[in-house]
Amino acid sequence: MQPLQFPPRLLMGPGPINCYPSVLQAMSTQLVGQYDPTMTGYMNEVMALYRQVFNTQNEQTFLIDGTSRAGIEASLVSVLEPNDKVLVPIFGRFGHLLTEIAERAGADVHTIEVPWGEVFDPQHIEEAIKRVQPKVLAIVQGDTSTTMLQPLHELGGICRAHDVLLYTDATASIGGNPFDMDAWQIDAVSVGLQKCLGGPSGSAPVSYNDRFASVVRQRHHVEAGIRDAHHEDAKGSRIRSNYFDLGMIMDYWGEERLNHHTEAATMLFGSRQCAVELLREGQDTVIARHQLAGNAMLQGIQAMGLQPYGDLNNKMSNVVGVYIPDNVDGEKVRHDLLNIFNIEIGTSFGPLKGKVWRIGTMGYNARQDAVLHTLQSLETVLRGQGLGLPNGAGVDTALAVYSSAQHSAATEKATS
């Protein structure tokens, strides 16, 4: 058998993206035993790093072994008991995912919706909270299916005022858009690595404050095979998933180190390096880099005469939706970009299927050369389908965006 061999793809879709080289290097590190002091030391370090990533002091900050969906499921199945009320504001595909996971946990799920391409006004959500009186408000921050970014900064205060727990899935947005867990009074968050954090799918960083963790602890359970005399039975119903039982996972990551699973060490090493890359460059700097790359891509798309999708005032910095022009075969464009230029862009789902491309500028790929190469290649492929475009306008405009940013940075440095 031949070794694994893939073409040199530039992943400019809504995720996954090309990993930072240092992340891939970290994931090739040799393994040690899961209770080796070196390993548990790195587990503690990962907890500390992700507290900085989430801007929180939460003790319960760690990794769920699995994709970002594992983090969502662990969060919801561990806090929701049968017939608990949940409110899910839906503005894209992943709100529907939160709804399904909560329903599978036996919750009484209530939803509100806005048209895809829009986000919720906080007052709209508060009115629904007053009407439903849920235990949990579960909401996505950034939904790549619509490219929209839901403002969260007012929701924590609203939830506290009505004694509601606030959970958010920030997989698509973390690292490329502001996220301030403690200041925004968010009780629980889960994310993945494969977007702006610049890693592979397969590990889900999470964080839970004391409000959320105390509810989980009411259902605390220790497996019979490792139970000691001091372990007490749960007051609430047993969490319906063993693998996603947050109480047991907290024990595994905590001082007692109760065995729950064998930690996915390679993913831990990669997760650690994702956080290191973000914090070493600086959160504000990384967010600004994503904003610059996203703005250059957006303005380049517009200069080509293509129409962006959705409410641009509430667009994520790291992905843009683009309407597929009339008389253009959208899938053939994606095929040619992939097979001629080695560039992947995304299609979409649900009501946007076949109508919109999604082009990402995330993590390692939120850089000038990736933006320019994508715009030039897209123009070439569209010309091949007979679409009349202003020659080089996309690249020229994106270059001007970068040049303006560099000039502003130089001016600011000179005057500081």
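About the cut-offs
Residues numbered from 1 in each chain as written. Predicted model: local features only at pLDDT ≥ 70, side-chain atom pairs only at ≥ 80, totals over all residues. Heavy atoms only, no water. UniProt positions renumbered as here; feature names shortened; annotations may be inferred. Helix = DSSP H or I, 4+ residues; strand = E, 2+ residues; numbered from the N terminus. Phe/Tyr/Trp six-rings, centres within 6.5 Å; stacked < 30°, edge-to-face > 60°. Buried < 20%, exposed > 50% of the residue type's maximum accessible area, 1.4 Å probe, protein only.

- As annotated in an unreviewed UniProt entry, the protein chain carries the name Purine catabolism protein PucG and comes from Marinomonas gallaica.
- Heading Cofactor (unreviewed entry) of the UniProt record for the protein chain holds this comment: "pyridoxal 5'-phosphate".
- In UniProt, the protein chain has this text filed under Sequence similarities (unreviewed entry): "Belongs to the class-V pyridoxal-phosphate-dependent aminotransferase family."

1. Looking at unusual backbone geometry
Line of reasoning, step 1. Residues G15 and P16 are joined by a peptide bond in cis, for which omega reads 10 degrees.
Line of reasoning, step 2. Considering the arrangement of structural elements, one finds P16 in the loop between strand 1 (10-11) and helix 1 (21-26).
Line of reasoning, step 3. Phi is positive for T147, close to 70 degrees, though the residue is something other than glycine.
Line of reasoning, step 4. Positionally, T147 belongs in the loop between strand 6 (142-143) and strand 7 (148-149).

2. A word on the packing of aromatic side chains
Line of reasoning, step 1. In total, this model carries 11 aromatic pairs according to the counting rule given.
Line of reasoning, step 2. Judged by centre distance (5.9 Å) and plane angle (65 degrees), the rings of Y20 and Y364 are edge-to-face. Of the two residues, Y20 sits in the loop between strand 1 and helix 1 while Y364 sits in the loop between strand 13 (356-360) and helix 12 (368-384), which places them 344 residues apart along the sequence.
Line of reasoning, step 3. Y20 gets classed as buried once you look at its relative accessible area, which sits at 10%.
Line of reasoning, step 4. Between Y309 and Y323, the aromatic rings sit 5.6 Å apart at their centres with planes inclined by 70 degrees, giving edge-to-face as the arrangement.

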